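Okay, here's what each chain looks like letter by letter:
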Amino acid sequence: MLSRSTLSRNAPRALQTSVVGASSRRGMASATQGIQFDVSESSGVKVANREAAGPTGTLALVAKAGSRYQPFPGFADALSEFAFKTTLKRSGLRITREVELLGGEVSSTHSRENVVLTAKYLANDLPYFVELLAEVASQSQFSVHELQEVVFKHLKYRQQAFAADAEAQAIDAAHSVAFHNGLGATITPSTSVPFEKYLSAEAIAEYAQKAYSKSNIALVGTGSNSADLNKWVGEFFKALPSGGAPQSSASQYYGGEQRISTKAGNAVVIAFPGSSAFGTSGYKPEASVLATLLGGESTIKWTPGFTLLSKATQGFSQLRASTQNFAYSDAGLLTIGLSGKADQVASASKNAVDLLKKAAAGEVASEDIKKATALAKFRALESVQNLGTGLEATGSALLASGKLSQASEIAQSFDNISEAQVKDAAKSLLSGKASVAAVGDLHQLPYGQDLGLTL
Amino acid sequence: MSAPSLSSYIVKRPWLKNWMMPLANWYTDAAGYRRLGLRFDDLIPEETATVQKAIKRLPAKEAYDRVFRIRRAFQCSVSHTLLPAAEQTKPEEDVEYLSPIIRAIEKEQAEREDLDNLVVRR
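Residues numbered from 1 in each chain as written. Chains lettered and ligands numbered in written order. Predicted model: local features only at pLDDT ≥ 70, side-chain atom pairs only at ≥ 80, totals over all residues.

- In the annotation of an unreviewed UniProt entry, the entry for chain B reads Cytochrome b-c1 complex subunit 7, and the organism field reads Aspergillus nanangensis.
- Per UniProt, chain B carries the Subcellular location (unreviewed entry) text "Mitochondrion inner membrane".
- Listed under Function (unreviewed entry) in UniProt, the entry text for chain B is "Component of the ubiquinol-cytochrome c oxidoreductase, a multisubunit transmembrane complex that is part of the mitochondrial electron transport chain which drives oxidative phosphorylation." (UniProt positions renumbered as here; feature names shortened; annotations may be inferred.)

- An unreviewed UniProt entry annotates chain A as Cytochrome b-c1 complex subunit 2, mitochondrial of Aspergillus nanangensis.
- Under the UniProt heading Subcellular location (unreviewed entry), the entry covering chain A gives this text: "Mitochondrion inner membrane".

**A few points about the interface of chain A and chain B**
Point 1. Taken residue by residue, the interface counts 6 residues in chain A and 6 residues in chain B.
Point 2. It is helix H3 (residues 92-102) of chain A that contributes the most residues to the side of chain A that touches chain B, 4 residues altogether.
Point 3. Classifying every residue of the side of chain A that touches chain B by side-chain character gives 2 nonpolar, 2 polar and 2 charged. (Contact = placed C-beta atoms within 7 Å. Helix = DSSP H or I, 4+ residues; strand = E, 2+ residues; numbered from the N terminus. Nonpolar A, V, L, I, M, F, W, Y, C, P; charged D, E, K, R; others polar.)

**Some details on the pairing of strand E3 (residues 56-63) of chain A**
Each regular strand carries side chains that alternate between the two faces of the sheet.
All names here are of chain A.
Point 1. Summarising burial for E3: 7 of the 8 residues are buried, a large majority.
Point 2. With 6 bridges connecting them, E3 and strand E6 (residues 217-222) associate as antiparallel partners. Bridged to Thr58 within E6 is Thr222. (Buried ≥ 20, exposed ≤ 12 C-beta atoms within 10 Å, placed from the backbone. Pairing = 2+ DSSP bridges.)

**Considerations on the domain arrangement of chain A**
Residue and element names in this part refer to chain A.
Point 1. Domain boundaries in chain A define domain 1 (35-236) and domain 2 (256-451).
Point 2. A C-alpha centroid distance of 28 Å is found between domain 1 and domain 2.
Point 3. Of the residues lining the interface, 34 residues belong to domain 1; the matching set on domain 2 comes to 36 residues.
Point 4. Secondary-structure elements contributing two or more residues to the side of domain 1 that touches domain 2 are strand E2 (45-50), E3, strand E5 (115-122), helix H6 (166-179) and E6.
Point 5. Broken down by element, the residue count for the side of domain 1 that touches domain 2 peaks at 12 residues, all from H6.
Point 6. Classifying every residue of the side of domain 1 that touches domain 2 by side-chain character gives 20 nonpolar, 8 polar and 6 charged. (Domains from an automatic or database assignment.)

**Overview of the environment of A:Thr394**
Residues and elements named next belong to chain A.
Point 1. Looking at where Thr394 falls in the secondary structure, it is placed in helix H13 (residues 387-401).
Point 2. According to the C-beta neighbour criterion, Thr394 is buried, with 24 such atoms within 10 Å.
Point 3. Taking C-alpha positions, Thr394 is 8.9 Å from Ala218, a pair spaced 176 residues apart along the chain.
Point 4. Thr394 has contacts with Phe37, Ala48, Val220 and Leu404, leaving out every residue within four places of it along the chain.

**What to know about the pairing of strand E4 (residues 105-110) of chain A**
Residues and elements named next belong to chain A.
Point 1. For E4 and E5, the ladder comprises 6 bridges, and the chain directions are antiparallel. Looking at the pairing, His110 lines up with Val115 of E5.
Point 2. If you look at the hairpin formed by E4 and E5, you'll find 4 residues sitting between the two strands.

**Quick notes on the UniProt feature "domain: Peptidase M16 N-terminal" (unreviewed entry) in chain A**
Point 1. UniProt records the feature "domain: Peptidase M16 N-terminal" (unreviewed entry) for residues 51-186 of chain A in the present numbering.
Point 2. What you have in residues 51-186 of chain A is 49% helix and 16% strand, and the ends, taken at the C-alpha atoms, are 36 Å apart.

**Comments concerning the environment of B:Asn25**
Point 1. Here B:Asn25 lies in helix H2 (residues 14-31).
Point 2. Counting along the chain gives 66 residues from B:Asn25 to B:Pro91, while the straight-line C-alpha distance between them is 8.6 Å.

Structure follows, in structure tokens:
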């Protein structure tokens with residue numbers, strides 16, 4: 001017989017453990033389920049849809065036409081600026097007003113690999129927005145006066161914003177010395193690039209026809225019914241041209257150094273070959289773990305966190321450090337970015353290289369590596385699930401391989417990483433060529449060789 | 001160009017058009033702008049926002065030619081001379097180059113006005 005006292009003492013605890021177990025298990029299951037995309041193809045266009053019934057939906061058109069694929073500088077910028085402008089059927093003004101009336105949101109951006117047109121809408125308006133995206137892709141007018149009056153002006157502002165951001169310039173310069181052409185093409189032409197002579201309405205129209213051809217785009221949707229989406233895509237995307245895509249040569253890593261003097265700020269970016277996107281041959285999760293291990297930004301308030309760089313640069317009050325892994329479809333770039341006051345950037349960049357050497361020598365606490373692995377895993381999974389980055393990543397993966405990565409596979413790839421792998425990754429970075437970009441007060445910013453890097 | 005015009009009424013009726021064309025050609029020639037090397041679209045008053053915008057949208061070559069014609073005509077006017085016959089505008093050269101752009105801009109403005117005054121019924 002159980003005494004009443006034992007029962008009463010243990011019952012709450014038993015209840016507690018069972019509840020915790022159940023909720024954590026359910027949490028895992030729903031996390032993997034919510035991430036699944038239905039992949040299909042309708043009228044020759046790849047469609048991925050995440051069926052999560054809700055009052056709103058999102059649809060993104062991902063075209064492999066980013067700055068990597070552009071034939072001349074500024075084309076990817078201009079193409080993304082030309083989205084939702086006058087088409088053969090209706091004017092840009094009418095599109096804007098109609099979207100306003102329906103209560104949606106349309107936007108267009110571009111990255112190094114993709115031009116992304118995004119529409120967010122109330123779930124009932126799905127057909128309208130599918131038609132709108134198809135119209136923008138196939139029937140945009142690319143009129144000369146819109147190029148002169150709208151696109152060029154926006155491009156000027158973009159250039160100015162870019163010129164005012166030393167860190168963005170440094171990352172761009174690091175890409176250009178690392179990859180030369182293709183991925184090395186500037187994401188937004190700097191103010192001194194003579195892009196106007198290449199940019200004409202006819203040339204953009206020709207680029208758009210290739211960029212928005214059936215084989216070159218993928219549609220990624222969330223929040224709507226897959227059957228409905230496929231039906232409307234099949235109806236509206238029929239008219240898109242098939243075949244012909246902008247070409248880019250396979251990426252090759254070169255390395256080197258670039259120094260740009262500017263008054264906009266100070267930044268040093270030290271870059272190494274990193275991990276490419278998941279599911280490609282150059283995928284090295286240990287590189288992303290190394291990136292989170294070096295880190296620089298804390299994930300928690302009021303503390304420098306565990307990352308090596310943030311601990312080392314704790315004394316610098318006017319410095320921002322962050323390590324990132326830019327993953328592309330056939331290459332990756334691991335960048336250590338430091339920006340802020342020139343003297344602090346100079347000494348912190350020496351610290352960063354020392355820390356990398358420490359990691360290569362295996363002088364890092366194994367606990368830190370575990371934390372870094374957990375954070376890298378979280379970041380990788382979050383970026384797939386996150387609506388903003390996930391749509392482009394999904395579209396990109398769909399275009400590259402035709403299938404999508406499973407969350408469990410991504411998680412698995414991080415679970416298998418050992419400390420030795422991270423150490424070896426750091427070693428191979430140091431033995432290979434680095435790409436160093438210094439932007440700002442060059443009198444104070446160091447050369448790559450002074451930092452002890454091979455260039 | 002908002003002056004009342006019978007032209008659309010006449011153009012719609014071929015017999016009337018055939019009858020009126022010689023008269024129209026004579027009148028245009030008698031207006032004399034062709035003898036100064038101008039085209040009809042050069043005479044459109046340019047002191048309005050719409051026409052200014054249209055002039056900005058002209059292709060570079062057209063805009064240059066327009067300024068050239070106007071300056072040449074101005075010189076002729078100052079010196080009280082006409083151009084030699086070879087340099088005068090021929091009827092087939094007197095084509096609309098600015099009016100289509102003006103009409104497009106007017107259409108855009110009308111559309112904007114319509115959309116601004118839109119009443120939504122659901």
